[in-house]
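What follows is each chain in one-letter form.
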Amino acid sequence: MEERVVTQETPHETLSNLLQESRRFAPPADLAEAANVTSAAYEEAAADRLAFWEKQARRLHWNTEWDTVLDWSNPPFAKWFVGGKLNAAYNCVDRHVEAGIGDRVAYHWEGEPGDTRTITYADLQREVSKAANALLELGVQKGDRVAIYMPMIPETVFAMLACARIGAPHTVVFGGFSADALRGRIEDCDAHVVITADGGYRRGAPSALKPNVDEAIEGIDHVRNVLVVRRTGQDVAWTEGRDVWWHDVVDRQSEEHEAEPHDAEHPLYVMYTSGTTAKPKGILHTTGGYLTQVSWTHNAVFDLKPETDVYWTAADIGWVTGHSYIVYGPLSNGATSVMYEGTPDTPHKGRWWETVAKYKVSILYCAPTAIRTFMKWGDDIPAQHDLSSLRLLGSVGEPINPEAYVWYRHNIGGDRTPVVDTWWQTETGAIMISPLPGVTHGKPGAAMRPLPGIEADIVDDQGTPVPNGGGGFLVVKEPWPSMLRTIWGDDERYIKTYWSRFDGLYFAGDGAKKDDDGDFWLLGRVDDVMLVSGHNISTTEVESALVSNSKVAEAAVVGSTDPVTGQAIVAFVILRGETVDNGEALVAELRDHVAKHLGPIAKPRQIMIVPELPKTRSGKIMRRLLRDVAENRSLGDVTTLTDSTVMDLIKTKMPSAS
Ligand code: WT7
């Protein structure tokens, strides 16, 4: 079924080597035949986009049907399914129990120490109802904000759905964030209650959460209560009257709670996303449109068969990926998911693959940073586990380098599985650009086409669409159901950030190219484009060229000021497990490799072999810090780094003067 046209060693003289990637992978015949969504969906949506989304909205249970599909009379403030009423928690839980599938497993939960829990849809209904009753007892009212700062445990999902049920928007703050970050978010959205745990397990040890909450809310009087789940059993400080144990308050509640319908535009949650420098933006998502698009995309892009698939998004619920594709997408579709608490190398580097084999995971969704880490650890580790249950793989969060894509497909997917590279953002709420696994030929490195119902394009700096073969800025041209509605409390910033660069178009902030077939290639944030001797070169292109060398697992590229070329390319490279670092010879080989692939203009001025790269807690490379190193500046803000010692290691690799 599949064709493999060229090998990775074919040299190219021009830039834009990415676009010359010509390996193609056809959808497996059996998958295509039984696919949830066929090419007809594109035609249907092109004929009538709003009717297409109305049809997808009907996949949910509405207590009252909408009278207007889209109100765009006051752009860029969209309202979808106006007049409609529904309850997100009812759609994710009760309706499945009422349909007779209460015994189906919603989550196979796996704690890092190896403890497990099985949560069925009927369990979920009881637990969410009890948690909703507890929040009401604590005085939480519809519209009040609730902050959730938790490890990856089932109570995190119970808490989110309890909030959704009573109409109290949640704001989940990633458990790896500091007390300061938590405080800023609690203040910004004026939360009344914080739900947390004593701690969670990370890297083989309990990691405390409650002390951060205590520090974060000191002196903030709008936080009335802290609801604490006991997970690790570690000692916690206790403020009487404010702090309450989950097991004291939730466990004694009634298992019955009737879900009240909320307006389609009722706020469902606020998710903070960091701006490059300024304070984090509270991205507001509402109920009906959000649930419509996450539910449909989860069904379409992953070709989910809820009766037979075991689905795993290996991400944290503290990111939008977890909100949309661990919680709301899978549950609204009645899926069985795996939820894993800890890190991928605890107690050993095969933990994910052992977990896939244990639960017979059929669909796996993760980030390129994880894939490249597994490449670095070596092919022999996944090879020790039975991964034959997998039938579909997904990627999200960064551009996936063609070599990482092929590695993933081969070493994890056994060359059977399609790989769907899905582009979206916290702001878009759900997947926007992606192959459809039963329809689209996979191209390593390309996110391919906007999904049916999504009008996206690539434009030049005047806002004019580029022809095939051209590059520019990714924009969305028409409102979509799961779009952010505003930045919490800051409509002006919403307009300025997303709707001011191009008249009437949503500016995503990403660079992209269209290949000769008109397929889309994402090239990273526009701030990451370098200008070398008058040529625009994206960091992604040079990174992918480096990763296409079999000795390289991961690369990060930055532009550094250069007296001759304006900017010069500086690369930081992590080697694959089996590679020996023979110093200058290896660096020369890699520089030549890039020159051969992309042309001499893209040859890095410097290549540093490093043991680690600085990453944000969501796994994105922090190129800003590497630029500081490359330009011999003192480092900017390092507070969002996962591991601040990484920068010291990297600095020792840097020649003192360049
Ligand atoms: C940014 C959004 C979407 C959930 C996780 C990240 C980058 C995301 C891809 C992809 C290339 C991608 C973009 C985007 N990105 N997916 N498939 N290919 N780039 O959410 O933290 O809001 O980040 O992630 O640069 O703008 P986020």
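Note that the structure is predicted; figures quoted are calculated from it, not measured.

So, the overall build of the protein chain
Reasoning step 1: Looking only at helices and strands, the protein chain has 20 helices and 29 strands in total.
Reasoning step 2: The C-alpha radius of gyration of the protein chain comes to 24 Å, within 12% of the 26 Å expected for a compact globule of 658 residues.
Reasoning step 3: Principal-axis analysis of the C-alpha atoms gives the protein chain an extent of 70 × 60 × 50 Å.
Reasoning step 4: Scored against the burial criterion, the 658 residues of the protein chain give a buried share of 53%.
Reasoning step 5: Within the protein chain, contacts between residues separated by at least 24 positions form 70% of all contacts whose residues are at least 6 apart in sequence.

So, the site of the ligand
Reasoning step 1: In the region of the ligand, 22 residues are neighbours, and Pro399, Trp423, Gln425, Thr426 and Leu522 sit closest.
Reasoning step 2: Broken down by secondary-structure element, the contributors of at least two residues to the shell around the ligand are α11 (320-332), β20 (419-422), β23 (506-514) and β24 (520-525).
Reasoning step 3: Counted by class, the shell around the ligand contains nine nonpolar, nine polar and four charged residues.

Quick look at helix α12 (residues 351-359)
Reasoning step 1: The complete set of buried residues in α12 reads Arg351, Trp352, Trp353, Val356 and Tyr359.
Reasoning step 2: As for α12, its buried residues are in contact with β4 (105-110), β16 (310-313), β17 (336-340), β18 (363-366) and α14 (380-383).
Reasoning step 3: Following α12 by one or two positions, Lys360 adopts a phi angle in the positive range, close to 50°.

Some details on the UniProt feature "binding site: Mg(2+)" (unreviewed entry) in the protein chain
Reasoning step 1: UniProt's entry tags Val547 and Val552 with the feature "binding site: Mg(2+)" (unreviewed entry), counted in the numbering of this structure.
Reasoning step 2: The topology assignment puts Val547 in helix α17 (residues 539-547).
Reasoning step 3: Overall, Val547 belongs to the buried group, with 26 C-beta atoms counted inside 10 Å.
Reasoning step 4: When near neighbours in sequence (up to four residues on either side) are disregarded, Val547 contacts Asn401, Glu403, Ala404, Val552, Glu554 and Ala555.
Reasoning step 5: Contacts of Val552, omitting those with residues within four sequence positions, involve Leu546, Val547, Val573, Leu575 and Arg576.

Quick look at the UniProt feature "binding site: CoA" (unreviewed entry) in the protein chain
Reasoning step 1: Mapped onto this numbering, the UniProt entry gives "binding site: CoA" (unreviewed entry) at Arg202, Arg203, Gly204, Ala205, Thr321 and Ser533. Over a stretch of 332 residues, the named residues are scattered through the fold, their C-alpha atoms separated by up to 50.2 Å.
Reasoning step 2: Relative to the helices and strands, Arg202 resides in strand β9 (residues 199-202).
Reasoning step 3: Apart from residues lying up to four places away in sequence, Arg202 is in contact with Ser207, Gly342 and Thr343.
Reasoning step 4: Relative to the helices and strands, Thr321 resides in helix α11.
Reasoning step 5: Classification of Thr321 by C-beta neighbours within 10 Å gives buried; the count is 22.

Thoughts on the sheet that holds strand β5 (residues 116-120)
Strand pairing in a sheet takes place through backbone hydrogen bonds and is either antiparallel or parallel in direction.
Reasoning step 1: The seven strands are arranged β5-β4-β17-β16-β18-β19-β20 in an open sheet whose pairing can be described as mixed. Strand pairing shows two members of the sheet lacking a second neighbour, β5 and β20, which therefore form its edges. Strand-to-strand, the axes of this sheet are offset by a mean angle of 20°, without reference to chain direction.
Reasoning step 2: With four bridges joining them, strand β19 (residues 392-396) and β20 adopt parallel strand pairing. In the sheet register, Gly394 faces β20, and the bridge partner there is Val420.
Reasoning step 3: Against the sheet, α12 engages β4, β16, β17 and β18, with an angle of about 150° to β17.

Focus: α11
Reasoning step 1: Burial runs high along α11: 13 of the 13 residues are buried.
Reasoning step 2: Phi turns positive, to about 70°, at Gly334, one or two residues after α11.

Things to note about the environment of Cys163
Reasoning step 1: Counting through the fold element by element, Cys163 comes out in helix α6 (residues 154-166).
Reasoning step 2: Given 29 C-beta atoms within 10 Å, Cys163 falls into the buried group.

Describing the sheet that holds β24
Reasoning step 1: Strands sit in the order β21-β22-β23-β24 across an open sheet of four strands; the sheet is antiparallel. Looking at the sheet topology across the chains shown, the edges are occupied by β21 (456-459) and β24. Strand after strand, the sheet turns through a mean of 45° between neighbouring axes, direction not considered.
Reasoning step 2: As paired elements, strand β22 (residues 471-476) and β23 share five bridges and run antiparallel to each other. Note on β23: the bridge partner recorded for Gly472 is Ala512.

Observations concerning unusual backbone geometry
Reasoning step 1: The amide bond that connects Pro75 to the next residue, Pro76, takes the cis arrangement and shows omega of 5°.
Reasoning step 2: Topologically, Pro76 is positioned in the loop between β1 (68-74) and β2 (77-82).
Reasoning step 3: For Phe81, which is not glycine, the phi dihedral falls at a positive 55°.
Reasoning step 4: Despite not being glycine, Arg203 shows a phi value in the positive range, around 50°.
Reasoning step 5: Tracing the backbone through its elements, the reader meets Arg203 in the loop between β9 and β10 (205-208).

Definitions and cut-offs
- Residues numbered from 1 in each chain as written.
- Predicted model: local features only at pLDDT ≥ 70, side-chain atom pairs only at ≥ 80, totals over all residues.
- Helix = DSSP H or I, 4+ residues; strand = E, 2+ residues; numbered from the N terminus.
- Rg over C-alpha atoms; globule rule 2.2 N^0.38 Å.
- Buried ≥ 20, exposed ≤ 12 C-beta atoms within 10 Å, placed from the backbone.
- Contact = placed C-beta atoms within 7 Å.
- Near = placed C-beta within 6 Å.
- Nonpolar A, V, L, I, M, F, W, Y, C, P; charged D, E, K, R; others polar.
- UniProt positions renumbered as here; feature names shortened; annotations may be inferred.
- Pairing = 2+ DSSP bridges.
- Axes fitted to C-alpha atoms, helices over the stretch in contact; angles between N-to-C directions.

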